[in-house]
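Structural characterization, general
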Amino acid sequence: MAKRITFATRFGTIVAVGGSVVGLGNIWRFPYLAGENGGSAFMLTYITISLLISIPIMLSEFIIGRSSRRNALRSFKKLSRGNRLWMSAGYMGILSAFLILAFYSVIGGWALKFLLSSIAGTFIGATPESIATGFDAFVAGGWQPLLFAFLFSAACAAVVAAGVVKGIERYNKILMPLMVLILVGLNVNAFFMSGWREGAEFLLRPDFGKITWRVGLEALGQSFFSMSIGMGAMITYGSYMKRSENMFRVAGTVAITDLSIAILSGMAIFPAVFTYGISPTSGPELVFLALPNIFAQLPGGYLVAVLFFMMLVAAAITSSVSLLEVIAAYMSEELRISRRKATILGAAGVFALSILCALSQIPGSGLRLLGSNIFDLFNSSTSNVLMPLGAMLIVVFAGWALGRDKFNRQLTSEGRYGTRLLRPAVRFMIRFVIPPFIALLFLAQIGFIK
Ligand code: TRP
């Protein structure tokens, strides 16, 4: 077999992983979940989990991917010599990729629609009421969300079809730094809003009493979603990583970036939520209701809005690309079809599911499954069930089944990095702390412990 292609440079690796990690999860999902789960209680739990639990899980995925140099399913097949249990982790990951992409593309489509609206100047002089009614009409109309989800998916497929280095690495290099810049600017602006204090307190003032098992599980799910772990995306990217790459540095840098961008988004959005009287528990619509108000009031708001939504679409595309890459790598390698064909077939399958998601959001559509609309079902079942389960299998496999030598060699890049302190600490977390922690949250969730 030919030598597997790898990311060209260290910066390129960090930026590609960063591009996967930073996305709608930070700017759309984090703020609305924080709003629904008591603000600071959620925020605190989320930060702790990201640092202590999610980083070692990301390292486990890198270890598995780089030692097998295969797609998410093949990795488990090869390393476990075809063991059914471990292969089920691979299959679950591919299922998760389909389900996540299905609803992710719908929100990506919303972002695209908002980009066009901002270019058209729709938000100039808008009021909180006009913004809310406009948004409801957009979602309820049905055909527009479908059209934009389609355009969004097509853009992602084009990047993936272009290949690992040319497609993924190149776009991320430009877009990631631009995003941080705009978010910092929005934070400065938020500081001068009348609702800044209330917003900041909502997110930052510790309130341990509000931390419940439910908040814990939602925070875990959000952390996994935001860090793109628990379903094999990082196994796939790990398989493209150079042997000499320092994975501690990649995981650490990316986790800190991810957390910072989530917090920056929260701190840009909640002051506006309180200033314009939007309910923090608005759910998935939250940022789309809050942001236009900021732009409507901001001097030069037209330009900032255009830039912001451009960047939001871009961040969403780089993340979707990593999800589609899981599907494309799997299909092209297993079905032995070209990368192009695999990408198009995969994207078409995803779009079929996106149609269900978008239509299920129309009020009274009746498109429901297991008691919730299909969009919500895909959204919460992936983060709160499939990914924690996948993460559990991933860490147990890396920590207990892979073998000490392979584990250590990959984690330290053949003895190059972190051999004294980091290696034993991470191995300990992976073997003894993370599996019981995930199990605990699960048991609590199904009411086994109170
Ligand atoms: N992390 C991305 C975001 O925050 C979404 C994403 C990309 C993802 N790849 C993933 C989520 C893999 C779960 C698994 O927007």
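Scroll up a little and you will see the structure.
Attention here is on the structure that accompanies the text. In this text the structure is predicted, and so the values were computed from the model without any measurement. (Residues numbered from 1 in each chain as written. Predicted model: local features only at pLDDT ≥ 70, side-chain atom pairs only at ≥ 80, totals over all residues. Heavy atoms only, no water.)

1. So, the side chain of N408
- Structurally, the position occupied by N408 is in helix α17 (residues 404–411).
- On the accessibility criterion, N408 (13% relative accessible area) is buried.
- The contacts of N408, once residues within four sequence positions are left out, are R423 and R427. (Helix = DSSP H or I, 4+ residues; strand = E, 2+ residues; numbered from the N terminus. Buried < 20%, exposed > 50% of the residue type's maximum accessible area, 1.4 Å probe, protein only. Contact = heavy atoms within 4.5 Å.)

2. Considerations on the packing of helix α2 (residues 24–36) against helix α3 (residues 40–68)
- Running from amino to carboxyl end, α2 crosses α3 at an angle of 130°, the nearest separation of the two axes being 7 Å. Our classification of the angle between α2 and α3 gives oblique. Residues F30, L33 and A34 of α2 touch α3, and the partners they reach there are F42, M43 and Y46.
- Partitioned by chemical class, the residues of the contact of α2 with α3 number 6 nonpolar, no polar and no charged. (Axes fitted to C-alpha atoms, helices over the stretch in contact; angles between N-to-C directions. Parallel < 35°, antiparallel > 145°, perpendicular 65-115°, else oblique. Nonpolar A, V, L, I, M, F, W, Y, C, P; charged D, E, K, R; others polar.)

3. Focus: the side chain of T412
- Mapped onto the elements of the fold, T412 is located in the loop between α17 and α18 (422–445).
- A distance of 2.9 Å separates the side chain of T412 from the backbone nitrogen of G415, its partner in a polar contact.
- Among all residues touching T412, those that are not within four sequence positions of it are Y417, T419 and R423. (Polar contact = N/O pair within 3.5 Å; in protein donor to acceptor, adjacent residues only side chain to side chain.)

4. A few points about the pattern of salt bridges
- On inspection of all chains with the given rule, the structure shows 8 salt bridges.
- Note that E325 is salt-bridged to R339, the shortest N-O span being 2.5 Å. With a gap of 14 residues between them, E325 in helix α14 (residues 301–334) and R339 in helix α15 (residues 339–360) connect regions that are remote in the sequence.
- The buried category is assigned to E325, whose relative accessible area is 0%. (Salt bridge = Lys/Arg side-chain N within 4 Å of Asp/Glu carboxyl O.)

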